[in-house]
Amino acid sequence: MTSELFAPLPLRSGQVLKNRIAKAAMEENMAGTGQLPDEQLFTLYRRWAAGGTGLLITGNVMVHAEALTGPAGVVLDEHAPLEPFTEWAKAGKSGGGSIWMQINHPGRQVPSGMPGVVWGPTDIGVSLGKHSNRFGRPTAMTAQQIEETVARYAVTAQRAEKAGFDGVEIHAAHGYLLSQFLSPLVNKRTDQWGGSLENRARMLLDIVRAVRAAVSPSFAVAVKLNSADFQRGGFDADDARQVIEMLEPLGVDLVELSGGSYESPAMTGRSADSRTRSREAYFLDLAKDLVTTSPLPLMLTGGITKRATAEQVLASGVSVVGMGTALAVTPDLPDRWSENREADRHMRPVNWSDKALASAASMAQVRHQMRRLARGGSPKPGTHPAIALLSEQRKQRKALRDYRTWLAGPRGKA
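The structure contained in this document is the topic of the report that follows. (Residues numbered from 1 in each chain as written. Predicted model: local features only at pLDDT ≥ 70, side-chain atom pairs only at ≥ 80, totals over all residues. Heavy atoms only, no water.)

Relative to the elements of secondary structure, Thr139 occurs in strand β8 (residues 139-140). As a C-alpha pair, Thr139 and Gly125 span 14 residues in sequence and 8.9 Å in three-dimensional space. (Helix = DSSP H or I, 4+ residues; strand = E, 2+ residues; numbered from the N terminus.)

Given below as structure tokens:
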């Protein structure tokens, strides 16, 4: 196979990815009893592992039991049993590739009505117009809470390695906590964590240092970063360039580039910014600029579904092609590409004028496909987005009841 797509990629930790195709993180929201991975996730990841992908990155795993992006989020903290995570890692590696755990804290992006905490760099809430009440109202984090959160990331990373994962990806994109600290629109602090970009990046850098110190040198550490937030006055491509340079001395293996947040959902191709107007490879233009100065290998995610586009991404100097939705619909897409075949079905587009609602429906559609794969079935990408959204809302209501019960019990408050 002469394509660069199928060439191995050695990383600075010594780990070697078997090819340049990665399953990017998609929030499964499929935790079983006790906010733990169970057979559904094991089946799903065995399915992806069998499809030829060189790297699987899990959907975000929560570092703080009281702060979840959704009620069915997986939690790996100091109290979680490791056995289910060991099974998850085995499933992900069953096809000969690598599996990294994405680790995350939602910050202010916690759905309203969730128990626990809603934190942010300041008390500025998520602004979604008439949909703003979808998220809780944040309180500004104290210095102690920031330091405790840094420690939580290190604990989760250390336990992920113990469970058999090959690496972790620290989520600092899509408007979650670390992205909030990086954003000048959200981070209005006047202390050491606010103001200059160096200060706004301090929490991310402290977490990377803590994680790198807690794991072995051969364990991969990656960061997911917005190429831009796509909001006027927000985190932009020049900020991203500088943060990548700050990460280089800290032992980071790879930086994944994405973009947007719930306020400007460019990651689903629905930002008004002209730079994401093409359906394929939403952030390629920004990545082309960043790759010229990046001292670290870059991975690009967002809207890639065709081999020709993936080849174009690698030709730009990007090292790894990340895909999410495409692999939820066609889990064996890398193997198809190796045989010069393409996907024979695609997700039904959501062309609703309400961007926030369209983004939610798109994510529900993707989860609908993942649930079908997790049950051993086949994707059904033609499902109407409204049906997928209503089904997801029903599942989340039940998950919320279960999460409330768990969090109120001795384990949740441990």
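Here the narrative resumes.
Close contact between helix α3 (residues 143-163) and helix α6 (residues 202-214) brings their axes to 8 Å; oriented N to C, the two are set at 35°. The crossing of α3 and α6 is right-handed. Taken together, the residues of α6 that come into contact with α3 (itself represented by Ile146, Thr149, Val150, Tyr153, Ala154, Ala157 and Gln158) are Met203, Asp206, Ile207, Ala210, Val211 and Ala214. The class makeup of the residues in the contact of α3 with α6 is 10 nonpolar, 2 polar and 1 charged. (Axes fitted to C-alpha atoms, helices over the stretch in contact; angles between N-to-C directions. Left-handed = near helix turned anticlockwise from the far one by under 90°. Contact = heavy atoms within 4.5 Å. Nonpolar A, V, L, I, M, F, W, Y, C, P; charged D, E, K, R; others polar.)

Side chains of Arg375, Arg394, Lys395, Arg397 and Arg401 sit close together on the surface and give a patch of like positive charge. Here Arg401 is to be found in helix α13 (residues 385-408). Owing to a relative accessible area of 53%, Arg401 belongs among the exposed residues under this scheme. (Patch = residues over 30% accessible without salt bridge, like charges linked within 9 Å, V, L, I, M, F, W, Y side chains within 5 Å. Areas by Shrake-Rupley, 256 points an atom, 1.4 Å probe, with all protein chains shown as cover. Salt bridge = Lys/Arg side-chain N within 4 Å of Asp/Glu carboxyl O. Lys, Arg positive; Asp, Glu negative; His and termini not counted. Charge placed at Lys NZ, Arg CZ, Asp CG, Glu CD. Buried < 20%, exposed > 50% of the residue type's maximum accessible area, 1.4 Å probe, protein only.)

Turning next to the nonpolar core. By size, the foremost hydrophobic cluster in this structure holds 96 residues, and its most contacted members are Phe85, Ile170, Met203, Leu204 and Leu247. Setting aside residues up to four positions removed in sequence, Leu204 forms contacts with Ile170, Ala172, Leu178, Leu182, Val223, Val243 and Leu247. Counting residues in hydrophobic clusters, the runner-up holds 14 residues, among them Leu11, Ala22, Leu55 and Ala222. (Core = buried A, V, L, I, M, F, W, Y, C linked by side-chain atoms within 4.5 Å.)

Another point: α6. If you check α6, its first and last C-alpha atoms are 18 Å apart, about what 13 residues at 1.5 Å a residue would give, namely 18 Å. Every buried residue of α6 is listed here: Met203, Leu204, Leu205, Ile207, Val208, Val211 and Arg212. (Expected span 1.5 Å × (residues − 1).)

We now examine empty space enclosed by the protein. For the structure shown, the criterion picks out 2 cavities of 30 Å³ or more. Approximately 50 Å³ is the volume found for the second largest cavity. Forming the walls of the second largest cavity are Glu27, Glu28, Asn29, Met30, Asn60, Ala72, Gly73 and Val74. Of the residues assigned to the lining of the second largest cavity, the class counts are 3 nonpolar, 3 polar and 2 charged. (1 Å grid on protein atoms, 1.4 Å probe; cavity = no way out; pocket = protein on both sides within 12 Å on 5 of 7 lines; lining within 4 Å. Points joined across faces, edges and corners; volume = space filled by probe spheres on them.)

Moving on, we come to the layout of surface pockets. What the second largest pocket holds in volume is close to 660 Å³. The wall of the second largest pocket is formed by 25 residues, among which Pro111, Arg134, Glu392, Gln393 and Gln396 lie closest to the centre. The set of elements that each furnish at least two residues to the lining of the second largest pocket consists of α12 (355-374) and α13. No other element matches the 6 residues that α13 contributes to the lining of the second largest pocket. Of the residues contributing to the lining of the second largest pocket, the split by class is 12 nonpolar, 8 polar and 5 charged.

Right, let's talk about the environment of Val291 for a bit. Turning to its location among the elements, Val291 is positioned in helix α8 (residues 284-291). Every residue in contact with Val291, bar those within four places of it in the chain, is listed here: Leu298, Ser316, Gly317 and Val318.

As a further point, take the environment of Val168. Structurally, Val168 is set in strand β9 (residues 167-172). For the pair Val168 and Gln365, spaced 197 residues apart in the sequence, the C-alpha separation amounts to 26 Å. Leaving out residues up to four positions away in the same chain, Val168 has contacts with Trp100, Met101, Ile103, Ala157, Ala160, Val211, Phe219, Ala220, Val221 and Ala222.

Right, let's get into the side chain of Thr149. Mapped onto the fold, Thr149 is located in helix α3. When residues no more than four places from it in sequence are discounted, the contact partners of Thr149 are His105, Trp119, Met141, Leu177 and Met203.

A few words on the packing of α6 against helix α7 (residues 237-247). Two numbers describe how α6 lies on α7: the axes approach to 11 Å, and their chain directions differ by 30°. The angle between the axes of α6 and α7 places the two elements in the roughly parallel class. In the crossing of α6 with α7, the sense of the turn from one axis to the other is right-handed. Between α6 and α7, the residues in contact are Leu204, Leu205 and Val208 and Val243, Met246 and Leu247, respectively. Along the lines of polarity and charge, the residues of the contact of α6 with α7 split into 6 nonpolar, no polar and no charged. (Parallel < 35°, antiparallel > 145°, perpendicular 65-115°, else oblique.)

The subject of this paragraph is the packing of aromatic side chains. In total, this model carries 5 aromatic pairs according to the counting rule given. Here the aromatic rings of Tyr45 and Trp88 are separated by 5.6 Å at their centres, their planes lie at 85°, and the arrangement is edge-to-face. Linking Tyr45 in helix α1 (residues 39-49) with Trp88 in helix α2 (residues 83-93), this pair joins segments that are 43 residues apart in sequence. Given a relative accessible area of 0%, Trp88 falls into the buried group. (Phe/Tyr/Trp six-rings, centres within 6.5 Å; stacked < 30°, edge-to-face > 60°.)

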